[in-house]
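Secondary and tertiary structure notes
These are the residues of each chain, in order.
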Amino acid sequence: MPLRRDIQGLRALAVLAVIGAHAAGWPRGGFAGVDVFFVISGFVITGMLLREQQEAGRIRLSRFSARRARRLLPAALVTVGAVVGAAFALFGRARAEQVMWDGASALLLVSNWRFTQQGTDYFHAGDAVSPLQNFWSLSVEEQFYLVWPGLLIVSLLFVPAVARRGRAAAAVAAGWAVVVIAASFGWALLQGSSAPTAAYFSTATRAWEFALGALLAAGVPLLRRLPAALGALLAWIGVAGIVASLVLIDMTAVGFPGPWAAAPTLATALALAGGVTAPPRALFLWTNPVAVVVGNASYSLYLWHFPVVVFAAALLPASPWSLPLTLAIVAVVGFASYAIIEQPLRYAPFLGGRVPAVAADAEEPALEASDAAASTPPAVAPVVPVVRAPEIATRRPAGWQPGTRYFPGSPRTAAQSAAAEPVELVAASVPEVVPVEPVSAAPVVEAPRVPSVAIADSAAGAIAAPMAAWRERFRTQVALAAAGLVAAALLVVLVVQVQQPRPLPPTAGGTGQAAPAIEDPTAALQADLAAAVSATAWPDLHPSIDEVMAQSSGANPAHDCFAPTPQPDAAACTWGSGDAPRHLYLVGDSTAMAYAPALKALAEQSGGAIRVTTVGLYGCRFTDALVQNDDPAVMQACTQRKNDVAAMVAADHPEQVLVSNAYTLGRTADGRDLSAADLIAAEAAEMARYGMPGRIVYLEAPPEGAPLGNCYTRVGSPYACATSITPVWRDMQAATAAAAAASGDRVVDALAFTCWQDVCPAFAGTLPIRYDQTHLTVAYSAHLAPYLRWTLDGATAAGAPAPPG
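This is a predicted model, so every value here is computed, not measured.

Cut-offs and rules
- Residues numbered from 1 in each chain as written.
- Predicted model: local features only at pLDDT ≥ 70, side-chain atom pairs only at ≥ 80, totals over all residues.
- Heavy atoms only, no water.
- Helix = DSSP H or I, 4+ residues; strand = E, 2+ residues; numbered from the N terminus.
- Buried < 20%, exposed > 50% of the residue type's maximum accessible area, 1.4 Å probe, protein only.
- Areas by Shrake-Rupley, 256 points an atom, 1.4 Å probe, with all protein chains shown as cover.
- Disulfide = S-S within 2.5 Å.
- Axes fitted to C-alpha atoms, helices over the stretch in contact; angles between N-to-C directions.
- Parallel < 35°, antiparallel > 145°, perpendicular 65-115°, else oblique.
- Contact = heavy atoms within 4.5 Å.
- Nonpolar A, V, L, I, M, F, W, Y, C, P; charged D, E, K, R; others polar.

1. Some points on the overall build of the chain
Counting its secondary structure elements, the chain contains 28 helices and 12 strands. For the chain, the proportion of its 805 residues judged to be buried stands at 52%. In the form shown here, the chain has an accessible surface area of approximately 34300 Å², with 65% of it arising from carbon and sulfur atoms.

So, in structure tokens, the structure goes:
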């Protein structure tokens with residue numbers, strides 16, 4: 001049965017879309033290329049299983065597992081090992097250890113569970129992206145195939161033996177596919193709206209995509225009846241649908257994989273169905289040699305593209321050359337992995353593989369173990385081509401033919417010429433259809449004992465033949481690929497060394513500016529920030545970047561006061577003397593929680609003059625509108641927590657209420673987008689509930705910093721972690737100032753202690769500023785206590801210079 005070149009072309013389209021989306025952000029729906037892979041996988045694997053059932057009368061699970069392991073595991077092991085090693089060499093300890101655990105979850109086939117947990121953890125959802133995050137889809141696929149073959153095997157036990165080789169197996173597969181499609185797609189619709197992160201990574205919400213391919217594989221005998229012209233038309237419509245999906249689907253849209261994944265998956269099913277009868281020439285756009293070559297290497301390209309993108313983002317400075325260089329590295333490493341690891345080890349005789357014929361190899365499928373025909377069982381089992389190994393000396397008698405038995409003393413047939421001609425040996429693991437010669441009627445002569453040395457030599461010959469063929473087949477491509485990989489590595493090292501980011505030069509009044517003698521701490525804070533912006537190397541920070549990243553929010557003393565459960569205890573969330581004449585409240589989401597160490601230090605350093613209560617809920621903006629959050633626990637607790645805090649404020653009658661919420665856009669729980677003005681107006685409306693006009697203090701959220709896990713490397717410059725102020729942050733700042741002015745309230749400017757001349761570094765003095773993109777470290781927050789005290793005491797009203805705005 002002919003190879004399906006169109007399947008390789010579809011794989012090429014899918015992997016290029018995924019690479020483009022991750023490396024360049026285009027096509028914006030390129031992430032749906034994974035869904036294309038899932039449908040192809042279900043089609044190919046189910047077709048292979050049904051073909052084996054028809055030919056052998058049973059599905060051999062051990063053989064299936066061995067083929068997949070030989071096909072997928074070597075390249076995955078090398079990728080994970082290389083990425084983890086590179087992470088420890090380049091990243092800080094905290095991120096390197098995270099990558100190590102990501103690698104362990106990838107090899108245990110539970111990456112999707114790990115990334116679900118991280119994505120739904122409020123304080124880890126913004127962590128630096130893992131270079132191994134793309135392994136989630138491999139975990140989903142293998143989890144599905146831990147169940148699907150066994151389901152078919154068990155179901156076929158209830159089918160009469162005479163029917164197992166016919167259409168009954170396809171009918172069983174089709175029946176189960178329909179059940180899986182209905183259940184899985186239904187669950188995807190439900191979970192996609194309530195828990196989108198969990199739905200995205202879940203095998204339960206993705207199983208219908210594999211099952212759709214399986215249903216198509218079961219129906220191939222019917223699809224063979226399609227006219228070739230109609231098949232070509234369906235295939236073109238399907239590919240057009242895939243391209244449209246990749247360009248139009250928005251990653252941020254709610255409802256993926258259900259229902260939006262139906263577009264690329266149904267389009268893929270159409271393309272596969274049409275390809276059953278369509279001639280390859282009619283599908284030239286994705287059956288040409290270039291598309292087939294990319295499709296062959298699609299598995300290795302997929303494995304390596306995301307690690308390369310993540311490492312390139314950390315090591316390469318932003319420039320017009322960054323994207324082309326990243327894509328070039330992906331191509332070189334991906335094809336090198338295919339040529340050096342994936343393909344040779346897939347066919348390695350010592351792993352149970354068999355060397356393919358050179359002519360067929362160019363069209364060997366790239367993602368699955370054995371899908372040469374990529375369809376359901378043929379009506380007549382095809383004859384497997386014989387792969388001839390090079391001539392190797394053997395102790396078998398002259399005239400011996402593979403597939404026959406030799407009995408010493410039995411007569412020779414005409415086919416076995418007496419001339420001692422060289423004998424070609426068939427590769428050990430390749431079956432061959434050879435007619436067995438009739439046994440002579442001559443008396444049977446007892447066979448003499450064959451010396452053990454002869455047996456050993458014969459076995460050695462049988463092993464040496466396929467090994468020699470294997471070495472001959474892959475020797476040249478491995479050498480060329482290795483040379484190209486070394487050359488590319490040297491080029492990357494050169495580029496990284498030449499294009500290291502250079503910090504801004506200090507300006508007058510920058511690093512050399514001393515703090516004035518007055519109590520205003522703003523100048524000293526700005527001097528530390530200026531020095532950090534112009535630093536050429538990372539200083540000795542205490543705590544270190546690694547330490548604050550590892551501690552995350554767990555080191556915050558007010559963490560439990562902002563958790564969904566249990567209900568905050570006002571006494572446990574209050575610092576300072578109970579007899580203090582001044583009582584302050586700090587409320588809001590995790591941005592407010594990050595300020596809690598500053599307020600705690602302020603109270604403890606006030607000499608009994610101030611006490612502070614810090615309560616809120618991370619992920620829950622203190623606005624009169626419920627703002628969407630991915631954590632179901634937060635969404636469930638948010639409204640009640642705001643009511644509880646309002647009641648606490650009303651009961652305690654504090655002098656002032658400080659409020660802080662994230663300066664990022666959001667949407668309501670029902671999906672309505674909220675602008676900066678909408679969010680600040682909703683925040684002001686929530687504060688109006690407290691009945692404290694003129695006594696509300698808006699603590700601006702710090703501008704977003706760089707993701708430390710991406711920018712902080714052992715070989716990089718601190719300036720790689722410096723950021724600028726975003727337009728959204730400026731809009732939120734302006735809206736807050738307008739709202740405060742309208743109500744007579746006050747605003748504390750965050751730029752005074754986070755940025756210098758609109759550049760926001762990762763540290764100031766010897767302290768890291770943030771442990772992620774948003775939240776202040778405990779140490780730096782506590783460091784701000786004098787500034788907050790100076791600001792809250794009304795220094796501006798007393799005539800001191802205002803903080804820079």
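2. Looking at the state of the cysteines
Applying the stated rule across the entire model yields 4 disulfides. Note that Cys-620 is cross-linked by a disulfide to Cys-638, the S-S spacing being 2.0 Å. Here Cys-620 and Cys-638 share a disulfide; its torsion about the S-S bond, 70 degrees, makes the bridge right-handed. Of the two residues, Cys-620 is situated in the loop between strand 3 (610-614) and helix 22 (632-652) and Cys-638 in helix 22; the sequence distance between them amounts to 18 residues. Exposure class is identical for Cys-620 and Cys-638. Each is buried. Two residues share a disulfide in this structure: Cys-755 and Cys-760, whose sulfurs sit 1.9 Å from each other. Residues Cys-755 and Cys-760 are joined by a disulfide whose S-S torsion is about 90 degrees; by sign, that bridge is right-handed. Classification of Cys-760 as buried rests on a relative accessible area of 0%. What links to what in the chain: the bonded cysteines, counted in sequence order, pair as 1-2, 3-4, 5-6, 7-8.

3. Quick notes on the packing of helix 3 (residues 61-90) against helix 15 (residues 298-315)
For the pair helix 3 and helix 15, the least separation of the axes is 10 Å and the interaxial angle reads 10 degrees. By the angle class used here, helix 3 and helix 15 are roughly parallel. Here Arg-71, Leu-72, Ala-75, Ala-76, Val-78, Thr-79, Ala-82, Val-83, Ala-86, Ala-87 and Leu-90 of helix 3 come into contact with helix 15, specifically with Tyr-299, Ser-300, Leu-303, Trp-304, Pro-307, Phe-311 and Leu-315. Class assignment for the residues of the contact of helix 3 with helix 15 results in 15 nonpolar, 2 polar and 1 charged.

4. Re the side chain of Ser-105
Mapped onto the elements, Ser-105 comes out in helix 4 (residues 93-107). With residues up to four places along the chain from it excluded, the contact list for Ser-105 reads Val-110, Ser-111, Arg-114 and Ser-139.

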